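# Coordinates in review
Below are the chains, spelled out letter by letter.
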2 protein chains.
Amino acid sequence: MSKLAYASEKIKAPSLVSLQTLFEGRMDQVNEKILKSLECSVPLIQDIAGYLIKQGGKRLRPLLTLASAELCGYKGHRHVGLASAVEFIHTATLLHDDVVDESALRRGAATANTIWNNTASVLVGDFLFSRAFQLMVEDGSLDVLKVLSQASATIAEGEVMQLASARNLNLREENYLAVIGAKTACLFEAATHVGALVADASSEKCEALRKFGFNLGMAFQLTDDALDYCATGESLGKHVGDDFAEGKVTLPILITYHAATEIEKAFIKKCFVDLTQEPQDLTRMIKLIHDKGALQAVSAKAQSYLNNARECLKIFEETSLKSTLLETLDFVLVRNH
Amino acid sequence: MSKLAYASEKIKAPSLVSLQTLFEGRMDQVNEKILKSLECSVPLIQDIAGYLIKQGGKRLRPLLTLASAELCGYKGHRHVGLASAVEFIHTATLLHDDVVDESALRRGAATANTIWNNTASVLVGDFLFSRAFQLMVEDGSLDVLKVLSQASATIAEGEVMQLASARNLNLREENYLAVIGAKTACLFEAATHVGALVADASSEKCEALRKFGFNLGMAFQLTDDALDYCATGESLGKHVGDDFAEGKVTLPILITYHAATEIEKAFIKKCFVDLTQEPQDLTRMIKLIHDKGALQAVSAKAQSYLNNARECLKIFEETSLKSTLLETLDFVLVRNH
């Protein structure tokens with residue numbers, strides 16, 4: 001069911017609220033752990049990191065770590081520290097991403113690098129990344145350290161792959177999927193995998209939750225790329241057309257380009273390769289994307305990843321936690337933020 | 001004995017050659033490990049990281065890890081992987097440092113960010129940092145992971161402290177020492193500490209080697225800061241006056257400012273606070289530094305750290321390896337690269 005359909009039928013659209021409510025207490029502990037781990041002797045670090053952490057966002061990744069652990073019957077406290085580590089890695093990559101993208105708006109607020117500067121963003125990102133590893137070392141599981149250090153390397157690889165394929169309108173869809181798999185889905189994958197590991201789950205359950213996270217992450221990023229051409233600036237927390245302004249070639253663009261006439265191709269090249277954009281070009285691009293049915297195609301792709309994710313949970317017994325996780329999958333597709 | 005004295009008396013100046021020769025075979029293994037760990041599916045990462053690693057530099061930090069382990073009687077191979085991890089962390093911080101400093105020259109060659117760009121430097125730095133942790137996880141010692149994750153966080157803190165105290169000519173010497181302790185000496189400290197840990201040395205020896213590394217690192221950075229106002233561009237591998245051009249307030253500047261007349265203070269402020277520099281200003285600054293005896297003062301400070309480092313080795317029996325490490329201390333003071 002599309003976002004519009006939910007709005008017109010006045011039924012409750014899937015949201016993150018159930019998951020957030022279910023883990024409210026645990027997330028308070030995660031937030032406490034995060035604030036405690038930010039403590040250091042350098043005020044500027046506390047300012048920047050604190051600012052970012054307070055922006056907060058959805059906290060989807062740490063929520064997934066908590067939920068995965070408890071889905072496997074975990075009753076302890078270790079997942080709180082590891083969920084914090086996952087959020088630190090995410091925040092560090094956001095900081096370095098801001099330097100890379102030169103995004104002026106992130107999660108609806110000014111990005112760290114417009115308030116401070118690139119330099120501080122790089123260094124505070126490094127600090128958060130190190131703190132993430134300190135949290136993992138404190139936890140003491142080499143399996144967890146292995147998963148998250150591998151994920152960190154893969155994220156960096158994904159970002160560099162994206163850089164290397166910038167302005168390439170002939171990028172194959174499979175290569176695009178490899179990029180978002182590395183830069184985004186990989187941390188979702190690690191977040192859920194780590195949850196299962198901490199619960200000492202069977203290798204079958206570990207594998208199922210790992211794949212669940214990956215597929216959810218793929219759908220998340222595909223939806224994100226589509227939202228850049230349909231959401232309103234306020235609800236997404238970034239401007240519609242940010243990707244456009246940066247000339248970031250995402251799947252909606254690749255699909256549109258592939259289906260475009262020669263004249264339309266020339267226009268897309270002008271916008272994404274030459275980066276010479278007139279004020280009315282975004283509107284024209286959005287219309288073109290719409291005409292070629294690119295957003296539906298992206299949405300269908302996202303839906304197929306969500307179906308995979310749903311499959312992964314089949315081996316778990318029916319509990320209210322499992323239902324909540326399934327609702328989270330629906331949220332990913334219809335979210336507007 | 002000063003560098004000039006060595007030159008005029010035609011005796012062999014202390015160098016790194018003995019240490020490098022002693023560990024030639026092991027360092028080949030380290031280089032092999034480094035190249036193997038750089039393997040990934042993204043050509044741009046291999047290009048940038050490979051370029052940097054080939055520039056090579058002195059490899060002082062991994063050498064210290066190897067030497068510390070073997071000074072404690074270690075006969076295995078684990079120190080090779082950990083020395084590689086230490087070099088990766090060092091190279092990652094250099095990459096992020098280049099973004100921060102906007103240095104055009106590093107180790108005598110163009111920096112990565114002038115050849116590629118800031119973006120790539122940030123991301124490849126992240127990749128190397130992650131790989132360093134993967135190497136540690138592969139090694140499997142939580143003690144080692146603890147030391148190096150703490151060091152990484154401290155380095156980032158040190159860099160941010162430096163940023164926060166930029167252009168502050170009234171910075172207290174102790175605060176300056178805290179900055180270089182965190183951004184530089186800390187990794188030397190970790191490099192030697194990790195060597196002792198891998199050798200399963202007594203806590204007394206671990207502590208001695210940890211302190212040895214820290215003191216050596218302090219002397220190293222103090223000498224580096226002094227060299228910026230006395231070495232030739234070719235031998236140091238960066239231009240004399242780089243720190244000056246960036247308005248980086250180092251100890252030679254703090255000492256000179258403290259001893260300066262009001263007129264001289266106004267000149268120093270113009271150069272380091274307003275950053276309005278005329279072509280002849282560097283020459284005038286070097287003369288001022290010379291007149292106030294600032295380089296001798298910095299050298300004496302470095303010497304006192306080296307004396308501390310020498311003390312730390314007292315508990316180890318007299319071996320050729322120990323003599324070589326002591327020679328390395330002399331090298332730190334008289335090096336011109």
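Predicted model, so just to flag it, every value in this text is computed and none were measured.

Next up on the list: the overall build of chain A. Of regular secondary structure, chain A possesses 18 helices and 2 strands. The buried share of chain A, reckoned over its 337 residues, is 59%. Counted over contacts in chain A with a minimum sequence separation of 6, partners at least 24 positions apart contribute 73%. With an accessible surface of roughly 13600 Å², chain A has 52% of that area assigned to carbon and sulfur atoms.

The next thing to look at is the packing of helix 9 (residues 142–164) of chain B against helix 10 (residues 173–198) of chain B. Residues and elements named next belong to chain B. One way to put it is that helix 9 packs onto helix 10 with a least axis distance of 7 Å and a crossing angle of 170°. By the angle between their directions, the pair helix 9 and helix 10 is classed as roughly antiparallel. Contact residues: helix 9 offers D143, V144, V147, L148, A151, T154, I155, G158, E159, M161 and Q162, while helix 10 offers A178, V179, A182, K183, C186, L187, A190, H193, V194 and L197. Considering only residue class, the contact of helix 9 with helix 10 consists of 14 nonpolar, 4 polar and 3 charged.

The next thing to look at is the side chain of D281(B). Here D281(B) lies in helix 16 (residues 281–291). Among residues more than four places away in sequence, those in contact with D281(B) are F244(B), F267(B), K270(B), C271(B) and T276(B).

Screw-axis analysis of chain A against chain B gives a translation of 0.0 Å along the axis, an RMSD of 0.0 Å, and a rotation angle of 180°. Viewed as a symmetry operation, the transformation between the two copies matches a two-fold axis. For chain A, the residue whose C-alpha comes nearest the rotation axis is V122(A), separated from it by 3.6 Å.

All names here are of chain B. Axis separation between helix 11 (residues 203–227) and helix 17 (residues 294–312) bottoms out at 8 Å; the angle between their running directions is 165°. Here helix 11 is positioned roughly antiparallel relative to helix 17, judged by the angle of their axes. Helix-helix and strand crossings are classified by hand; for helix 11 and helix 17 the assignment is left-handed. Across the interface between the two elements, A208, K211, F212, N215, L216, M218, A219, L222, T223 and A226 of helix 11 pack against L295, V298, K301, A302, Y305, L306, N308, A309 and C312 of helix 17.

Take the interface of chain A and chain B next. Contacts between the two partners involve 35 residues from chain A and, on the opposite side, 35 residues from chain B. If you sort the residues of chain A by the area they bury against chain B, L123(A), E157(A) and V160(A) come out on top, with a joint share of 17%. Across the contact surface, chain A and chain B share 2 salt bridges. As a salt-bridge pair, R131(A) and E157(B) come within 3.8 Å of each other at their nearest N and O atoms. The tally of links from chain A across to chain B stands at 8 residue pairs in polar contact (both at pLDDT 80 or more). The set of elements that each furnish at least two residues to the side of chain A that touches chain B consists of helix 4 (43–55), helix 6 (78–101), helix 8 (118–139) and helix 9 (142–164) of chain A. Looking at the side of chain A that touches chain B, its residues break down into 21 nonpolar, 9 polar and 5 charged.

What follows concerns the environment of G181(B). Residue and element names in this part refer to chain B. Its location among the elements puts G181 in helix 10. What makes G181 buried here is its relative accessible area of 9%. Sequence-wise, G181 and Q221 are 40 residues apart; in three dimensions their C-alpha atoms are separated by 8.7 Å. Among all residues touching G181, those that are not within four sequence positions of it are C186, F214 and M218.

A word on the packing of aromatic side chains. Scanning the entire structure with this criterion turns up 8 aromatic pairs over all chains. Judged by centre distance (5.3 Å) and plane angle (90°), the rings of F129(A) and F133(A) are edge-to-face. Of this pair, F129(A) and F133(A) both sit in helix 8, 4 residues apart, which is roughly one turn of that helix. An identical accessibility class is assigned to F129(A) and F133(A); each is buried. Taken together, a centroid distance of 5.2 Å and an interplanar angle of 45° make the contact between F188(B) and F220(B) tilted. Placement of the pair is F188(B) in helix 10 and F220(B) in helix 11, with a sequence separation of 32 residues. Looking at F220(B), the relative accessible area reads 6%, which means it is buried. What links up through ring pairs into an aromatic cluster is the set F129(A), F133(A), F129(B) and F133(B). We note R284(A) situated over the ring of F267(A); from NZ or CZ to the ring centre the distance is 3.9 Å.

In this structure, L275(A) is a non-glycine residue whose phi angle is positive, near 55°. Tracing the backbone shows L275(A) in the loop between helix 15 (262–272) and helix 16 (281–291). The backbone of R59(B) shows a phi angle near 60°, a positive value even though the residue is not glycine. Here R59(B) lies in the loop between helix 4 (43–55) and helix 5 (60–71). On the basis of relative accessible area, R59(B) is assigned to the buried category, the value being 12%.

The topology assignment puts D224(A) in helix 11 (residues 203–227). Put simply, D224(A) and V332(A) are 108 residues apart on the chain and 9.2 Å apart in space, counted from C-alpha to C-alpha.

Moving on, we get to the pattern of salt bridges. Counting across every chain of the model gives 36 salt bridges over all chains. Residue D243(A) is joined to K248(A) by a salt bridge in which the shortest nitrogen-to-oxygen separation is 4.0 Å. Across the pair D291(B) and K287(B) runs a salt bridge, and its minimum N-O distance is 2.9 Å. With D291(B) and K287(B) both in helix 16, this residue pair falls 4 residues apart, about one helical turn.

Moving on to helix 10 of chain B. All names here are of chain B. Over its 26 residues, helix 10 runs 35 Å from end to end, which matches the ideal 38 Å to within 8%, given 1.5 Å per residue. A185 marks the point of greatest bend in helix 10, at about 50°. The buried count for helix 10 comes to 21 of 26 residues, which makes it a mostly enclosed element. One or two residues past the end of helix 10 sits D200, with phi positive at roughly 55°.

Turning our eyes to something else, we now look at the confidence of the model for chain A. All names here are of chain A. On average, residues of chain A score 87 in pLDDT, and 87% of them are at 70 or above. Low pLDDT (under 50) marks residues 1–10, which in the prediction has 13 contacts with non-local residues, meaning those over four places away or in another chain. Scored below 50 in pLDDT, residues 103–108 makes 31 contacts in the model with residues more than four places away or belonging to other chains.

Basis of the calculations
- Residues numbered from 1 in each chain as written.
- Chains lettered and ligands numbered in written order.
- Predicted model: local features only at pLDDT ≥ 70, side-chain atom pairs only at ≥ 80, totals over all residues.
- Heavy atoms only, no water.
- Helix = DSSP H or I, 4+ residues; strand = E, 2+ residues; numbered from the N terminus.
- Buried < 20%, exposed > 50% of the residue type's maximum accessible area, 1.4 Å probe, protein only.
- Contact = heavy atoms within 4.5 Å.
- Areas by Shrake-Rupley, 256 points an atom, 1.4 Å probe, with all protein chains shown as cover.
- Axes fitted to C-alpha atoms, helices over the stretch in contact; angles between N-to-C directions.
- Parallel < 35°, antiparallel > 145°, perpendicular 65-115°, else oblique.
- Nonpolar A, V, L, I, M, F, W, Y, C, P; charged D, E, K, R; others polar.
- Least-squares fit on C-alpha atoms with pLDDT ≥ 70 in both.
- Left-handed = near helix turned anticlockwise from the far one by under 90°.
- Buried area = accessible area lost by both parts, 1.4 Å probe.
- Salt bridge = Lys/Arg side-chain N within 4 Å of Asp/Glu carboxyl O.
- Polar contact = N/O pair within 3.5 Å; in protein donor to acceptor, adjacent residues only side chain to side chain.
- Phe/Tyr/Trp six-rings, centres within 6.5 Å; stacked < 30°, edge-to-face > 60°.
- Lys NZ or Arg CZ within 6 Å of the ring centre and 35° of its normal.
- Expected span 1.5 Å × (residues − 1).
- Bend = angle between axes of the 7 residues up to and from the residue.
- pLDDT = per-residue confidence, 0-100.

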